[in-house]
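What follows is the residue order along each chain.
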Amino acid sequence: MNYRNFYLKVLFALALSLGVFQPVLRADVIEHKNGQRIYGKIISETASVIVVEIDGAKLSLNKDEIRSIKKEEMSAPSHPNEIVPQVKIPNEGLEKPLIPFDKRKWKVGYQASADKALIVEFVLENETVEHWTELVTAHLFLFDPAQHVTAKRFLDTQERVIKQAYPVVQWNAIQSSENGALYEWSVKGYPGMEDQSEIARIIKGKDGIHNIRYTAKKVPLPPEQRKDWIDRLSKITLEKSRR
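Residues numbered from 1 in each chain as written. Predicted model: local features only at pLDDT ≥ 70, side-chain atom pairs only at ≥ 80, totals over all residues. Heavy atoms only, no water.

**Q** How do you make sense of the confidence of the model for the chain when you look at a structure like this?
**A** One rule of thumb: low pLDDT means the predicted coordinates there are not for detailed reading. On average, residues of the chain score 79 in pLDDT, and 72% of them are at 70 or above. Ranking the elements of the chain by mean pLDDT puts strand β6 (residues 86–88) last, at 41, and helix α3 (residues 223–234) first, at 97. In this model residues 21–26 is a low-confidence stretch, pLDDT under 50, and it forms 38 contacts with partners more than four residues away in sequence or in other chains. Segment residues 73–90: pLDDT under 50, and 47 contacts once partners within four positions in sequence are set aside and those in other chains are kept. (pLDDT = per-residue confidence, 0-100. Helix = DSSP H or I, 4+ residues; strand = E, 2+ residues; numbered from the N terminus. Contact = heavy atoms within 4.5 Å.)

Here is the structure:
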């Protein structure tokens with residue numbers, strides 16, 4: 001399983017646990033019995049299971065967990081050709097994380113939005129989201145304040161989900177609080193999973209939880225590279241909303 005397929009399942013589990021859904025753009029809308037909606041394309045169906053394709057990844061859902069399925073058209077996102085080292089995530093009207101990229105040329109490889117979440121994936125100039133060596137992902141999960149979702153709860157839920165999926169994961173919470181967290185994890189030599197290391201930051205903002213992740217297909221990360229991205233992620237700030 002590649003990284004993007006793996007994280008699709010991780011984020012779907014997070015969505016069900018925390019009350020949001022995976023932000024993707026497709027025509028079929030599957031409503032879970034807990035009220036969450038999943039956007040995808042149904043590619044196969046049996047008496048008990050449907051298989052949904054979401055941005056190239058396949059997700060199996062039990063029919064007894066589904067309330068309804070309907071068609072809904074969604075507009076395609078724009079794809080800027082190049083992003084300068086200081087990047088503003090295009091989530092109009094919401095807080096925007098400012099990511100201090102390195103001096104290499106990064107571009108938006110994929111972006112999408114739905115009513116409770118946004119995602120932007122950045123790749124190097126000559127790479128794509130299907131074929132990459134390094135990937136930066138920015139997620140914004142929108143929460144109602146009444147849900148009381150803290151950065152620590154988000155981190156703990158993500159750790160539990162990832163460890164349940166891959167018991168060999170090496171996990172390290174560098175720092176954690178109610179409003180923010182910095183963590184890293186890696187997988188090496190696990191059947192069906194690409195070797196990779198990830199460093200990530202969680203920030204609780206006014207609009208929800210921001211999860212910004214740097215991922216590289218190498219284990220372990222060279223010390224200089226690890227330190228560089230820990231420093232870069234630590235420097236991320238949120239630009240105030242202008243509503």
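Next, the rest of the story.
**Q** How should α3 be read in this particular structure?
**A** Residues spaced three or four apart along an α-helix face the same direction, because each turn holds 3.6 residues. Spanning 12 residues, α3 covers 16 Å between terminal C-alpha atoms, matching the ideal 16 Å at 1.5 Å per step. Gln225, Trp229, Ile230 and Leu233 are the residues of α3 that are buried. End-on view of α3: buried residues confined to an arc of 130 degrees, all on one side of the axis. Exposed residues lying more than 90 degrees from the buried face of α3 are Pro223, Glu224 and Lys227. (Expected span 1.5 Å × (residues − 1). Buried < 20%, exposed > 50% of the residue type's maximum accessible area, 1.4 Å probe, protein only. Arc of directions from axis to C-beta.)

**Q** Quick question: what am I supposed to make of the packing of aromatic side chains here?
**A** The final tally for this structure, using the stated rule, is six aromatic pairs. An angle of 75 degrees between the planes, with centres 6.0 Å apart, marks the rings of Trp106 and Trp229 as edge-to-face. Remark: Trp229 occurs in helix α3 and Trp106 occurs in strand β8 (residues 106–114); sequence separation between them is 123 residues. Geometrically, the ring pair formed by Trp171 and Tyr183 is stacked, given 5.1 Å between the ring centres and 15 degrees between the ring planes. (Phe/Tyr/Trp six-rings, centres within 6.5 Å; stacked < 30°, edge-to-face > 60°.)

**Q** Can you help me understand the nonpolar core in this one?
**A** Considering soluble globular proteins, one finds that nonpolar side chains tend to be buried as a cluster. Ile99, Trp106, Phe122, Val136 and Ile212 are the most contacted members of the largest nonpolar core, which totals 20 residues. Contributing elements (two or more residues each) for this core: β8, β9 (117–124), β10 (134–142), β13 (196–204), β14 (208–216) and α3. (Core = buried A, V, L, I, M, F, W, Y, C linked by side-chain atoms within 4.5 Å.)

**Q** Looking at this structure, how should I read the pattern of salt bridges?
**A** Two side chains with opposite charge may pair up if their charged atoms get near one another. Scanning all chains against the criterion turns up 11 salt bridges. Between Glu134 and Arg104 there is a salt bridge whose closest N-O contact spans 2.7 Å. Residue Glu134 is located in strand β10, and its partner Arg104 is located in the loop between β7 (96–100) and β8; the two are separated by 30 residues in the primary sequence. Here Arg104 falls in the partly exposed class, since its relative accessible area comes to 34%. Here Asp231 and Lys227 are joined by a salt bridge, their closest N and O atoms 3.0 Å apart. (Salt bridge = Lys/Arg side-chain N within 4 Å of Asp/Glu carboxyl O.)

**Q** So what exactly am I meant to see when it comes to helix α2 (residues 151–165) here?
**A** For α2, built from 15 residues, the straight-helix expectation of 21 Å at 1.5 Å per residue is met to within 8% by its first-to-last C-alpha distance of 21 Å. Along α2, the positions that sit buried rather than exposed are Ala151, Phe154, Leu155, Thr157, Gln158, Val161 and Ile162. Projected onto a plane normal to the axis of α2, the buried residues spread over an arc of 165 degrees and lie on a single side.

**Q** Please explain the pairing of β9 as it appears in this structure.
**A** Each regular strand carries side chains that alternate between the two faces of the sheet. By the criterion of burial, β9 is predominantly enclosed, with eight of the eight residues buried. Of the two faces of β9, the one holding Ala117, Ile119, Glu121 and Val123 and the one holding Leu118, Val120, Phe122 and Leu124 are both buried throughout. Here β9 runs beside β10; their pairing, made up of seven bridges, is antiparallel. Its bridge partner being in β10, Val120 is matched across the sheet by Ala138. (Pairing = 2+ DSSP bridges.)

**Q** Explanation requested: the side chain of Glu127 in the structure shown.
**A** Of note, Glu127 is situated in the loop between β9 and β10. We note that Glu127 is buried and unpaired, the nearest opposite charge coming from Arg104 at a distance of 7.3 Å. Every residue in contact with Glu127, bar those within four places of it in the chain, is listed here: Lys107, Trp132, Thr133 and Glu134. (Lys, Arg positive; Asp, Glu negative; His and termini not counted.)

**Q** Explain unusual backbone geometry to me, please; I cannot follow it from the model alone.
**A** The general pattern is negative phi for most residues beyond glycine and trans for most peptide bonds. Here the amide bond leading from Val219 into Pro220 is cis, since omega sits at -5 degrees, within 30 degrees of zero. Residue placement: Pro220 occurs in the loop between β14 and α3.

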